[in-house]
Structure formats: structure tokens, C-alpha cells
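# Results of the structural survey
Below are the chains, spelled out letter by letter.
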Amino acid sequence: MGFFRKLFATAPRVSPLDEARKLVDRFTTATIQGVDTEDIGRYPTKQRKVMAFHFGAIDYLARERELDETQTLALFVMFLDKYFNMPVSETGSISERLQGFRDNPEERRFLEAGIDVFRRWHEQDERRAPLELGEMLQH
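In what follows, the accompanying structure is described. (Residues numbered from 1 in each chain as written. Predicted model: local features only at pLDDT ≥ 70, side-chain atom pairs only at ≥ 80, totals over all residues. Heavy atoms only, no water.)

## A short note on the environment of R108
With respect to the element layout, R108 can be found in helix α7 (residues 105-123). For R108, a relative accessible area of 38% translates into the label partly exposed. Sequence separation between R108 and F53 is 55 residues; the distance between their C-alpha atoms is 8.5 Å. Not counting residues within four places of it along the chain, the set of residues in contact with R108 comprises F101 and R102. (Helix = DSSP H or I, 4+ residues; strand = E, 2+ residues; numbered from the N terminus. Buried < 20%, exposed > 50% of the residue type's maximum accessible area, 1.4 Å probe, protein only. Contact = heavy atoms within 4.5 Å.)

## Some details on the packing of helix α4 (residues 44-64) against helix α5 (residues 69-83)
In the contact formed by α4 and α5, the axes pass within 10 Å of each other and the chain directions differ by 145°. Regarding α4 and α5, the two cross each other, and that crossing is right-handed. Contacts between α4 and α5 involve M51, H54, F55, I58 and A62 from the former and T72, L75, F76, F79 and L80 from the latter. Of the residues belonging to the contact of α4 with α5, the class tally is eight nonpolar, two polar and no charged. (Axes fitted to C-alpha atoms, helices over the stretch in contact; angles between N-to-C directions. Left-handed = near helix turned anticlockwise from the far one by under 90°. Nonpolar A, V, L, I, M, F, W, Y, C, P; charged D, E, K, R; others polar.)

## Points about α5
Spanning 15 residues, α5 covers 21 Å between terminal C-alpha atoms, matching the ideal 21 Å at 1.5 Å per step. Looking only at α5, the buried set comprises T72, L75, F76, V77, F79 and L80. Each element contacted by the buried residues of α5 is listed here: α2 (16-32), α4 and α6 (94-103). With a side-chain oxygen positioned 3.1 Å from the backbone nitrogen of T70, the residue opening α5 is D68. (Expected span 1.5 Å × (residues − 1). Polar contact = N/O pair within 3.5 Å; in protein donor to acceptor, adjacent residues only side chain to side chain.)

## What to know about the packing of α4 against α6
One can describe the packing of α4 onto α6 by two numbers: an axis separation of 10 Å at closest approach and a directional angle of 90°. Judged by the inter-axis angle, α4 sits roughly perpendicular to α6. Touching R48, M51, A52 and F55 of α4 are R97, L98, F101 and R102, all from α6. Here the residues of the contact of α4 with α6 are counted per class, giving five nonpolar, no polar and three charged. (Parallel < 35°, antiparallel > 145°, perpendicular 65-115°, else oblique.)

Everything listed is a geometric property; what it means functionally is a separate question.
Laid out in C-alpha cells, this is it:
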């Protein structure tokens, strides 16, 4: 009986949020290859640009996967916690941070680039597209 159960068992369903988190992790790994992480750690302005870039990717993916606003924000908080070592208690007001990405012209440029680069990487299989973040940070 155990043999048939294993043979015909369905794989556990992965939530859309978990799928999105895994994609964001893979994308972030690809973007980090072209970035001086120590440089980002020293300059808060560059940190915000990197965050805006990745939020653009997260926002695009959230729309594609039909995540609601709470799930989208949760995905961004997971990103901040993992890659910037920011526990939720230190992320400040996420809505204020996101509004800054939209209001600040330079951060908005990174947000929009994150959307474009993620789309090309994810849908068109442009494996080198994530390296554009490093190029953008140098200018």
C-alpha cells in the first residue's frame, strides 16, 4: 500500500508567494554578480537604489502572479531581511520607503529598470540582463 501511495501521491502545492520568493532569490543572486556589495554597504543612497531596483522586479512578479498588496509587501520585507540584514522592526515604514522609490527621480529610474530587467531575464531568458544593475550603479 505504501508503494502505491508514493507512486500516485501528488506533490505538495507550493504557494504563489513561495514561488515568487524563490524567483526573487535567483534574480538577486544574478544581480549581485555585477555589484560591489561592500560599496553598497557604505552608501545609503546606493542601498536605496538597489532596493528600488529589486522592488521593481518584485512588483512586476507580484502582478504576474496576482499577489495582493500584503503578499507583495511581505515579499519585499523578506528581500530586505535576507539581503540587507534588516529585521522587520528596522525596515521603518515600508509604504514611505516605496513612496520614496516613486517620488525620487533617481530611485524611480532604478525601480523602472528593475521591472524591465526582471521581465527580460524571466520572460526572454536574457541571462546577462541582471548585470545592468552594476553598470547603473557606476554612473
